[in-house]
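Spelled out, the chains give:
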Amino acid sequence: MGNNTILVIEDNELNMKLVRGLLSLGNYPMLEATDAEAGIQMAHKHHPNLILMDIQLPGMDGLEATKIISTDVDLKDIPIIALTSYAMQGDEEKAKLAGCSDYITKPIDTRNFLEIIGKFLKNDLKSDDRP
Ligand code: MN
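The rules behind the values
Residues numbered from 1 in each chain as written. Predicted model: local features only at pLDDT ≥ 70, side-chain atom pairs only at ≥ 80, totals over all residues. Heavy atoms only, no water. Core = buried A, V, L, I, M, F, W, Y, C linked by side-chain atoms within 4.5 Å. Buried < 20%, exposed > 50% of the residue type's maximum accessible area, 1.4 Å probe, protein only. Helix = DSSP H or I, 4+ residues; strand = E, 2+ residues; numbered from the N terminus. Contact = heavy atoms within 4.5 Å. Donors = N, O, S within 2.8 Å, 3.2 Å for Na, K, Ca; no water. Pairing = 2+ DSSP bridges. Axes fitted to C-alpha atoms, helices over the stretch in contact; angles between N-to-C directions.

Draft legend 1. Representation of the nonpolar core. The biggest cluster of nonpolar side chains holds 21 residues, and the ones touching the most others in it are Leu 7, Ile 9, Ile 51, Met 53, Ile 69, Ile 80 and Ala 95. Only β1 (6-9), β2 (30-33), α2 (36-46), β3 (50-54), α3 (62-70), β4 (80-85) and α4 (91-98) provide two or more residues apiece to this core. The residues touching Ile 80, leaving out its near neighbours within four places in the chain, are Ile 51, Met 53, Thr 66, Ile 69, Cys 100, Ser 101 and Asp 102. Ranked by size, the runner-up nonpolar core spans 19 residues in total, among them Val 8, Met 30, Leu 52 and Ile 108.

Next up, the structure:
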């Protein structure tokens, strides 16, 4: 895959659609999984540069999946950004404890979404802004 490939693990179709639209604005190649097990498999197969991890997933939740990925010798270098629900207070802290580098609160604020993920990637669109 490219240098800025992002794996999105999200079971909610509308959230996935929104993220897909935003990532296409940033020209980021995107991989999609709708549950943790499939996401972990994809991470092994494609070794993405960043993972966006929904915390609330059917079956294995995003916290457990983050612990698995962040302690896997082949995957632990991949930063993980948690997608946490505004209603679930405390998820941000749990996400960081599980191994997430940052979090984005849902509903997703489209204005700062690309800025947050850009911190973890080389975004060609932003190269002009750099000193
Ligand atoms: Mn979910």
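Draft legend 2. Molecular detail of the coordination of the manganese ion. At this site the manganese ion is bound by Asp 11 (OD), Asp 54 (OD) and Gln 56 (O), with donor distances of 2.0 to 2.1 Å. If you list the donors of the manganese ion from N- to C-terminus, the spacing comes out as D-x42-D-x1-Q.

Draft legend 3. Local environment of unusual backbone geometry. A cis amide bond, omega 0 degrees, links Lys 106 with the succeeding residue Pro 107. By secondary structure assignment, the location of Pro 107 is in the loop between β5 (102-106) and α5 (113-118). The phi dihedral of Asn 27 falls on the positive side, at around 60 degrees, and the residue is not glycine. One can find Asn 27 in the loop between α1 (13-25) and β2. Even without being glycine, His 47 reaches a positive phi, approximately 40 degrees. Relative to the assigned elements, His 47 resides in the loop between α2 and β3.

Draft legend 4. View of the sheet that holds β5. Strand order in this open sheet of five strands is β2-β1-β3-β4-β5, and the pairing throughout is parallel. Two strands bound the open sheet, and with one partner strand each, they are β2 and β5. On average, each strand axis in the sheet is inclined to that of its neighbour by 20 degrees, with strand direction left out of account. Summarising the sheet, β1 and β2 pair through four bridges and their orientation is parallel. In the strand pairing of β2, Ile 9 is matched with Ala 33. Those strands touched by α1 are β1, β2, β3 and β5, and its axis lies near 170 degrees from that of β2. Sheet strands in contact with α3 are β3 and β4, and its direction is about 155 degrees off that of β3.

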